[in-house]
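Analysis of the macromolecular model
Residue strings, one per chain:
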Amino acid sequence: MGYKEEYTKWCTDPYFDEATRAELKALEGDEKAIEDRFWRSLEFGTGGLRGEIGAGTNRINIYTVRHATQGLANYIKKMGGQEKGVMLTHDNRLFSPEFARAAALVLNANGIKTYLTESLRPTPELSFGVRDLGCIAGVMITASHNPREYNGYKVYWEDGGQITPPHDKGIMAEVEALSDITDVLTMEEDEARITGLFRMIGTDLDDRYIAAVKAQSIHPEIIPEVAEDFVVAYSPLHGTGNIPVRRVLRELGFTKVYVEPDQRIPDGNFPTVPKPNPENPDAWERVLALAERVNADIILTTDPDADRLGVCCKDAKTGKLIVFNGNMSGILMADYILREKRETGTMPKNPALCETIVTTDMAKVVAEEYGVALIEVLTGFKYIGEQIKFFEEQGTYDYVFGLEESFGNLTGTYARDKDAIGSVMILCEVAAYYKKKGMTLWDAMLQLYEKYGYFKEGLDFIECKGIDGAAEIKAKMEKFRNEPPESFAGLKVLAVRDYLTGIRKDLSTGEETPVDLPKSDVLYFEMEDHAWCCVRPSGTEPKIKFYYGVKEDSMEASEERLERLRQELVSR
């Protein structure tokens, strides 16, 4: 069926509610708008759905959510997991509660028990809860850090991690096998409650989750020693983080935690920050003003579903506020955790530090310093969570900490996805530790640079929307793949890793060796002097992303080299 026929179906079929039909009929005559909404079905990818909210097959709405859930239900039935059930929750985004309920009722109509939280919860609590409740799967309604017009649908499996092979491919196949978007089962909520299939869960799960987070603290005794002089400024960016962040800090003894008042209440319209992402400078404006008023030692932001943490602190010498990137905050936590576990004798027998391939290379030297295995995975924290499962199944390593450049971290194994609530706790403990030594987090970061080298990293992107944008991204990837550059920023390219073909090619010898990671449309360029860059299409947004990193002997040299590398990479 072509996009015009699909549009007509949505405008006329009584399966679609009156508001949906009216929204689409208002587009009549606007061929470009109609094509954009119907040129494809919103793809159920390796993590689920993510897209702009609205009517149409290329949008996220109650019908595409039901359709995806029917595929999930069919897969769960094939796996015999109906009795285990599915946990569902949601963040603050527009229509998130409605999508979560709709998904639960499709599962119920397929004879699958569901456990739906009474209100919004952070993503990491879902990761924890799937295992805590003994579920076969979990569904989180969120678009994470995307702009406000987006929402999404993330699927987790019984290990508490986002779906990975073979379950991702199995669920995708079941979704694709559905003949029509109306080919779903659903039922009324009252009926589902009477049958016992639809269940609500409340604060008991919150208590167990917070206890698991607090158990990751290494030096809780430090906190009361500095609490009277230690000030935290925080913004949940209108999302789910406010209650759990304040609770975990309060229960550990932090007494001066100030929350940005205009961003405290959950609001899917994000009235003060249209791009609620700690990576965006606009997200910091209000909380930095708060930090100045209260003279904060540490400034924190969490994204809407509270799995990403942004960090900032003041340079004591210049008074300048330093916004840390995800590599900096992640490596501060990694160095602290590994050092203090070694010093306290709590390091496990076969410790492992996990990071994605686009995360700082400083992690390699930190892992070497503490005698810890360094495991690299593809971009996406789900692959770090997957390593925890592999370690447990194979008895190889003991997971200690995981980090990714996009502000994601996890200490311990209570969850299997990145957790900003846990990261807030650990990083505040790190800041308190250094406060006791008369140092700020920036002082600590400079100390690490002096010890390990000035590793600096960056990220840029080009946005390419719609059908033409998808073609542009494909063309750019083909150019990088078929015409690999010989150098960037005066640094020779030594080898190219093509994760789509699974081959690493040494450019000086021509030797090809296999890359031992799952296939993915990612190109990684190894360069001399510890420099590197990486190109890939975004898995959640219409963008092509560029990652890059250098190591130099000084801050100035690293920043200068990094900027040259960025310019050449993005303009190619």
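Residues numbered from 1 in each chain as written. Predicted model: local features only at pLDDT ≥ 70, side-chain atom pairs only at ≥ 80, totals over all residues. Heavy atoms only, no water.

Of regular secondary structure, the protein chain possesses 19 helices and 23 strands. Computed over its C-alpha atoms, the radius of gyration of the protein chain comes to 24 Å, within 12% of the 25 Å expected for a compact globule of 572 residues. Projected onto its principal axes, the C-alpha coordinates of the protein chain cover approximately 65 × 55 × 50 Å. For the protein chain, buried positions account for 59% of its 572 residues. Contacts in the protein chain between residues far apart in sequence, at least 24 positions, make up 69% of those at least 6 positions apart. (Helix = DSSP H or I, 4+ residues; strand = E, 2+ residues; numbered from the N terminus. Rg over C-alpha atoms; globule rule 2.2 N^0.38 Å. Buried < 20%, exposed > 50% of the residue type's maximum accessible area, 1.4 Å probe, protein only. Contact = heavy atoms within 4.5 Å.)

Here the focus is the packing of helix α4 (residues 62-78) against helix α7 (residues 167-177). Viewed as axis vectors pointing N to C, α4 and α7 meet at an angle of 120 degrees, and their least axial separation amounts to 8 Å. Looking at the two axes, α4 sits oblique to α7. Crossing handedness for the pair α4 and α7: right-handed. Taken together, the residues of α7 that come into contact with α4 (itself represented by His67, Ala68, Gly71, Leu72, Asn74, Tyr75 and Lys78) are His167, Gly170, Ile171, Glu174 and Val175. Partitioning the contact of α4 with α7 into residue classes produces 5 nonpolar, 5 polar and 2 charged. (Axes fitted to C-alpha atoms, helices over the stretch in contact; angles between N-to-C directions. Parallel < 35°, antiparallel > 145°, perpendicular 65-115°, else oblique. Left-handed = near helix turned anticlockwise from the far one by under 90°. Nonpolar A, V, L, I, M, F, W, Y, C, P; charged D, E, K, R; others polar.)

Another aspect to go through is the pairing of strand β14 (residues 398-404). The buried fraction of β14 amounts to 6 of the 7 residues, a majority that puts the element mostly inside the structure. Pairing of strand β12 (residues 351-356) with β14, which is carried by 5 bridges, proceeds in the parallel orientation. The residue of β14 that forms the bridge with Leu353 is Phe401. Here 4 bridges tie β14 to strand β15 (residues 408-411), and the two strands are oriented antiparallel to one another. If you follow Phe401 over to β15, its bridge partner there is Thr411. The loop that links β14 with its antiparallel partner β15 comprises 3 residues; one of these, Phe407, has a positive phi angle of about 70 degrees. (Pairing = 2+ DSSP bridges.)

This part covers the sheet that holds strand β9 (residues 298-302). The 5 strands are arranged β8-β7-β9-β10-β11 in an open sheet whose pairing can be described as mixed. Sheet topology places β8 (256-259) and β11 (321-324) at the edges, where each strand pairs with a single neighbour. Pairwise comparison of adjacent strand axes, ignoring direction, gives a mean angle of 20 degrees for this sheet. Relative to β9, strand β7 (residues 231-235) is paired through 4 bridges, and the arrangement is parallel. Note on β9: the bridge partner recorded for Tyr234 is Leu300.

A few words on the sheet that holds strand β2 (residues 86-90). One open sheet holds the 6 strands; their spatial order is β1-β5-β4-β2-β3-β6, and the pairing between them is mixed. Edge positions in the open sheet fall to β1 (48-52) and β6 (198-201), since each of these has one partner strand only. Between one strand axis and the next, the sheet turns by 20 degrees as a mean value, whatever way the strands run. As paired strands, β1 and strand β5 (residues 150-157) are joined by 5 bridges and run antiparallel to one another. Across the sheet, the residue bridging to Gly51 is Asn151, located in β5. Sitting on the sheet, α4 touches β1, β2, β4 (137-141) and β5, and the angle it makes with β5 is about 5 degrees. Against the sheet, helix α5 (residues 96-109) contacts β2, β3 (114-117), β4, β5 and β6, and its axis sits at roughly 165 degrees relative to β2.

Moving on, we come to the packing of aromatic side chains. As enumerated under the stated definition, the model contains 21 aromatic pairs in all. Summarising the aromatic geometry, the rings of Tyr15 and Tyr63 are spaced 5.4 Å apart at their centres and angled 55 degrees between planes, so their arrangement reads as tilted. Taken together, the residues span a long stretch of sequence, with Tyr15 in the loop between α1 (3-12) and α2 (18-25) and Tyr63 in helix α4 at a distance of 48 residues. With a relative accessible area of 26%, Tyr15 lands in the partly exposed category. Ring plane angle 75 degrees and centroid distance 6.0 Å describe the contact between Phe488 and Phe525, whose orientation is recorded as edge-to-face. Of the two residues, Phe488 sits in strand β17 (residues 487-488) while Phe525 sits in strand β21 (residues 523-527), which places them 37 residues apart along the sequence. The class for Phe525 is buried, based on a relative accessible area of 0%. Here a set of aromatic residues connected by ring pairs shows up, and it is made of Tyr7, Trp10, Tyr15, Phe16, Phe38 and Tyr63. Its guanidinium or amino end placed over the ring of Tyr524, Arg497 lies 4.0 Å from that ring's centre, counting from NZ or CZ. Directly above the aromatic system of Phe461 lies the positively charged group of Lys543, at a separation of 3.9 Å from the ring centroid. (Phe/Tyr/Trp six-rings, centres within 6.5 Å; stacked < 30°, edge-to-face > 60°. Lys NZ or Arg CZ within 6 Å of the ring centre and 35° of its normal.)

Another point: the pairing of β2. Most of β2 is tucked away: 5 of the 5 residues are buried. Neither face of β2 is exposed, since Val86, Leu88 and His90 on one face and Met87 and Thr89 on the opposite face are all buried. Taken together, the 3 bridges between β2 and β3 define a ladder with parallel strand orientation. When the sheet's bridge partners are listed, Val86 is paired in β3 with Thr114. Where β2 meets β4, 5 bridges bridge the pair, whose relative direction is parallel. Across the sheet, the residue bridging to Leu88 is Val139, located in β4.

The subject of this paragraph is the packing of helix α9 (residues 203-214) against helix α16 (residues 420-436). α16 packs onto α9 with a crossing angle of 40 degrees between their chain directions and a minimal axis gap of 9 Å. Comparing their axes, α16 and α9 come out oblique. Relative to α16, α9 is oriented so that their crossing is right-handed. Across the interface between the two elements, Tyr209, Val213 and Lys214 of α9 pack against Ile421, Gly422 and Met425 of α16. Looking at side-chain class alone, the contact of α9 with α16 contains 4 nonpolar, 1 polar and 1 charged residues.

Quick look at the pattern of salt bridges now. It is possible for side chains bearing opposite charge to pair when their charged atoms get close. By the definition in use, this model includes 41 salt bridges. The closest approach of N and O atoms between Glu31 and Lys4, which form a salt bridge, is 3.9 Å. Of the two residues, Glu31 sits in helix α3 (residues 31-38) while Lys4 sits in helix α1, which places them 27 residues apart along the sequence. Residue Lys4 is classed as partly exposed on the basis of its relative accessible area of 46%. Linking Glu340 and Arg339 is a salt bridge whose minimum nitrogen-to-oxygen distance equals 2.9 Å. For the pair Glu340 and Arg339, one class covers both residues: buried. Each of Lys154, Asp307, Glu404 and Lys418 takes part in one network of salt bridges that share partners. (Salt bridge = Lys/Arg side-chain N within 4 Å of Asp/Glu carboxyl O.)

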